[in-house]
Amino acid sequence: MSLRPGGVSASESDHGESRCPGSTCLPPSPLEADVPLADHTDVLDWPFARTEDGDPPPILAELRNAPPCVVRIPAGAAESRLAWLVTRYADVRQALGDPRLSADERLPGAPVRIQVPPGGNPSSFLRLDDPEHARLRSMIQTEFTARRVKRLREPVQRLVDELLDELEAQPRPADLHAVFSRALPTLVIARLLGVPEQDSAFFIEKTRVTISQEDPEVSLAAYEEMSEYLAKLALRKLESPGDDLISRLAHNHHAKGAITLDELVGIARLVLVAGHETTTNQIALNILALLRDDDLRARVAADDGALIPNFIEESMRYWSISQDAMVRLAVEDLELGGVAVSKGDAVVISVPAGNHDESVFACPHRIDPNRDTSGHLQWGFGPHYCQGAPLARLEMELSLRSLLRRFPNLRLAADPRTVFRRGTVFHGVTHLPVTW
């Protein structure tokens, strides 16, 4: 197979530019579907870089024209290895829900993406299979029900208003990401977990370093510091509980022997990273999408923001920030997208590729707030579907609705191509300068 990252030009993936209907990518050469993974010689280096505009790698559109290809997972916390890359929507959906593809990072040969080496204790229940996954997941099932999240609406709105007051008081241009889109999920998740707000800067930095791809040793050190902090906090909650998630895990489950301290820490660490890191960057990218497209902003703001909920889902599909984190290990032989995946093969699941599949989402490079995007894969699919989705939706809706109302003349104060962060498993921004 002959594929080059330049196979689709940057202009073809620019937001707002028409690449459909009628446009096609150059088809790749045929792939021998029955060739074992280890015998492939046409191997692509993964992960691929996004465009300057932050859009998913153009090569993914090219790859969807053929069965899953073979990529090389780079060396880091584990040795480099080959893997099947899944890019079509139907194949991504199958891979996310297929029990023959294991998420258990403790299995011999399990692929590693985040630069934390697998060990005896899984990093979170996201990296486990049922029944262990289901047992630990059930411990926080009641924390994110619609009823409980509804009770958070007023407290979250107060935080939004306070942070927008701070933004308004800033000298211009102001970094909206630092003052608002990063601060809001940080405060929400800190209060949910029972983490003292004065420690929020610590866990923001440790989360950032843990999911970075800069240095495995540095990532591991940050991961261990965060884990140690959460373990000490959980033990303090046993002595002096509060109305928070860690206290409930400590008293209702750990104290009764239902979970170990390591498992408790894993749950708290997952809620911390997933609840803070993903929501932070999605809020910023939602805002960025509107600030770089006046027509889109006018449509979303019209009718008192009637399109805001649907825009949020469409923005999640478009940006697909969980770009490189989904890896699996085949524990049985299976067919996936027309290739024979053998037991022991690694599989990389590209959510951005699935969410930009033209056969499911017409003109996927455009943000269409009227699109039926209910089937997007950013929340996941199957047993690992995101439990925190109701809370994240609440934060995103209140933040966007309030921002549009308070700052109708908000505009970018920098080239949007300069704000994206690179080389991390979750897409996002480093800063977001704005003025008004």
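Note: the structure precedes this text.
So, how was this worked out
- Residues numbered from 1 in each chain as written.
- Predicted model: local features only at pLDDT ≥ 70, side-chain atom pairs only at ≥ 80, totals over all residues.
- Heavy atoms only, no water.
- Helix = DSSP H or I, 4+ residues; strand = E, 2+ residues; numbered from the N terminus.
- Buried < 20%, exposed > 50% of the residue type's maximum accessible area, 1.4 Å probe, protein only.
- Pairing = 2+ DSSP bridges.
- Contact = heavy atoms within 4.5 Å.
- Axes fitted to C-alpha atoms, helices over the stretch in contact; angles between N-to-C directions.
- Core = buried A, V, L, I, M, F, W, Y, C linked by side-chain atoms within 4.5 Å.
- Salt bridge = Lys/Arg side-chain N within 4 Å of Asp/Glu carboxyl O.

**Q** Would you mind going over unusual backbone geometry in detail, with residue names and values included?
**A** Residue proline 47 is bonded to the preceding tryptophan 46 through a cis peptide linkage, with omega at 5°. Here proline 47 is to be found in the loop between β1 (44–45) and α1 (59–63). The phi torsion at aspartate 304 lies on the positive side, around 55°, for a residue other than glycine. When you line up the elements, aspartate 304 lands in helix α12 (residues 294–305). Note on aspartate 304: relative accessible area 70%, which makes it exposed.

**Q** Tell me about the sheet that holds strand β9 (residues 346–349), and name the residues and values.
**A** Taken together, the 6 strands give an open sheet; going across it, the order is β1-β2-β3-β9-β6-β4, and neighbouring strands pair in mixed fashion. In this open sheet, the two edge strands, each paired with only one partner strand, are β1 and β4 (101–102). As defined by bridge partners, strand β3 (residues 81–86) adjoins β9 across 3 bridges and the pair is classed as parallel. Within β9, the residue paired with leucine 85 across the bridge is valine 348. Packed on one face of the sheet, helix α2 (residues 89–97) meets β3, β4, β6 (327–330) and β9 and runs near 120° to β9.

**Q** Account for the nonpolar core, with residues named and values stated.
**A** Of all hydrophobic cores here, the largest spans 86 residues; its most connected members are Leu167, Leu176, Leu193, Ile287 and Phe311. Here the element with the most residues in this core is helix α11 (residues 261–291); it accounts for 16 residues. Not counting residues within four places of it along the chain, the set of residues in contact with phenylalanine 311 comprises Asn286, Ala289, Leu290, Leu296, Val300, Ile367, Pro369 and Leu400. Val86, Ala95, Val339 and Leu377 belong to the second largest nonpolar core, which has 20 residues in total.

**Q** Outline the side chain of arginine 64, listing residues and values.
**A** Within the secondary structure layout, arginine 64 lies in the loop between α1 and β2 (69–73). In this structure arginine 64 touches Thr87, Arg88, Ala353, His356, Asp357 and Glu358, once residues within four positions along its chain are discounted.

**Q** Quick one: what's the story with the pattern of salt bridges, residue by residue and with numbers?
**A** Taken as a whole, this structure holds 23 salt bridges when the rule is applied. A salt bridge links lysine 206 to glutamate 225, with the nearest nitrogen and oxygen atoms 3.2 Å apart. One end of the pair, lysine 206, is in helix α8 (residues 200–211); the other, glutamate 225, is in helix α9 (residues 216–239), and 19 residues separate them in sequence. Looking at glutamate 225, the relative accessible area reads 35%, which means it is partly exposed. For aspartate 368, the salt bridge identified is with arginine 299, shortest N-O distance 3.5 Å.

**Q** Give a detailed account of the pairing of β9, specifying residues and quantitative values.
**A** Remember that side chains alternate between the two faces of the sheet whenever the strand is regular. Side chains Ala346 and Val348 of β9 all project onto a buried face; the interleaved residues Val347 and Ile349 project onto the opposite face, where all are buried too. As paired elements, β6 and β9 share 3 bridges and run antiparallel to each other. Within the sheet, the bridge partner assigned to valine 327 lies in β9 and is valine 348.

Nothing here speaks to function; it is geometry throughout.
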